[in-house]
Amino acid sequence: RSGTQLPFIKAAMKKGYAVLVLNTNRNRAVPDSGLGGDEECVVRGSETPEKHAVYVWQHIVSKCPASRVDIIAHSYGGCVTLNLVESCPETRQRINKVAFTDSVHQFGFSTDDKVIAWFEEHAINWVTSNKLVNAPLRTQKGHVQRRSAGVTAHERTSWSSFLSIFRYLDGESASQPEAAELGAEPSQESTEHGVAEVTNQAESLQVKTSEEGQPGENPPGEQDVHLGATSV
């Protein structure tokens, strides 16, 4: 389970989320039978992971009546998320929180100061470390807040940070270190609101349909959307 987003998706579905899984790395494909040719061609709108995320935002997420969007992005998914926020300025009004897991994004000289300041306020990056899960790590000014994932293996950071990520998105304090609970299923309390994750080779979009986890209880326009996308 440490290399998959399935636990995130299952936990969210238990709470009444609708889940849409995207594949940011599927940029080329062989046309369906009958459409001509047997050679791979570029997927329109998904020529790159970055273009894929922008396409999904513009054609799906932006049209959702959701009041809140949260993102979990693993590894190169952090670069995808940074590009999304830079390319679509309106995301800064709708995205509430971003949870990175060992993201490899970097702010360049051309990155707008407003974008950097936005990520400083709205994002946390759980990175490889042998310290306790969620322990604060040294963070330079102008960078995303860094916290320990409690493991030194890149591909295990999402799963080891699972509970901390849910608590962060649920609005609970994200400042207390905690012992790793690897292999444990997320508790009912920690998954009360659900979440979406960006993980290896996939992007997941989850729409919350109920404040208490029961579909249909929220009035139209009040749902929360949790968008996740990652690449390796």
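Reading the values: rules and limits
- Residues numbered from 1 in each chain as written.
- Predicted model: local features only at pLDDT ≥ 70, side-chain atom pairs only at ≥ 80, totals over all residues.
- Heavy atoms only, no water.
- Helix = DSSP H or I, 4+ residues; strand = E, 2+ residues; numbered from the N terminus.
- Areas by Shrake-Rupley, 256 points an atom, 1.4 Å probe, with all protein chains shown as cover.
- Axes fitted to C-alpha atoms, helices over the stretch in contact; angles between N-to-C directions.
- Parallel < 35°, antiparallel > 145°, perpendicular 65-115°, else oblique.
- Left-handed = near helix turned anticlockwise from the far one by under 90°.
- Contact = heavy atoms within 4.5 Å.
- Buried < 20%, exposed > 50% of the residue type's maximum accessible area, 1.4 Å probe, protein only.
- Pairing = 2+ DSSP bridges.
- Core = buried A, V, L, I, M, F, W, Y, C linked by side-chain atoms within 4.5 Å.
- Nonpolar A, V, L, I, M, F, W, Y, C, P; charged D, E, K, R; others polar.

*Asks:* Go over the overall build of the protein chain, please, and point to the residues and values.
*Replies:* Along its length, the protein chain carries seven helices and ten strands. Entry remark: accessible area of the protein chain is about 11,200 Å², with carbon and sulfur atoms responsible for 49%.

*Asks:* Talk me through the packing of helix α1 (residues 6-14) against helix α7 (residues 162-169); I want residue IDs and the actual numbers.
*Replies:* At their nearest, the axes of α1 and α7 sit 12 Å apart, and the two run at 40 degrees to each other. One finds that α1 runs oblique with respect to α7. Taken as a pair, α1 and α7 cross one another with a handedness that is right-handed. Residues Pro7, Phe8 and Ala11 of α1 pack against Phe162, Ile165 and Phe166 of α7.

*Asks:* Can you tell me about the pairing of strand β6 (residues 123-127), naming the residues and giving the values?
*Replies:* Counting buried residues along β6, five of its five residues qualify, which places the element largely inside the surrounding structure. Of the two faces of β6, the one lined by Ala123, Asn125 and Val127 and the one lined by Ile124 and Trp126 are each fully buried. In this sheet, β6 lies alongside strand β5 (residues 95-101) in parallel orientation, the contact comprising four bridges. From the neighbouring strand, threonine 101 faces β6, where its bridge partner is tryptophan 126. Relative to strand β7 (residues 145-148), β6 runs parallel, the two sharing four bridges. For valine 127, the partnering residue across the bridge sits in β7 and is serine 148.

*Asks:* I'd love a proper account of the nonpolar core, names of residues and values included.
*Replies:* Membership of the largest hydrophobic core comes to 22 residues, with the highest contact counts inside it found for Trp57, Ile71, Ile95, Val98, Phe100 and Phe119. Broken down by secondary-structure element, the contributors of at least two residues to this core are α2 (49-59), β4 (68-74), α3 (77-87), β5 and α5 (113-122). Looking at this core element by element, the count peaks at four residues for α5.

*Asks:* Can you explain the packing of α3 against α5? Please cite residues and give values.
*Replies:* Contact pair α3 / α5: the axes reach a minimum separation of 10 Å and the direction vectors enclose 125 degrees. By the angle class used here, α3 and α5 are oblique. Crossing geometry of α3 relative to α5 is assigned as right-handed. Contacts between α3 and α5 pair Thr81, Leu82, Val85 and Glu86 from the former with Val115, Trp118 and Phe119 from the latter. Counted by class, the contact of α3 with α5 contains five nonpolar, one polar and one charged residues.

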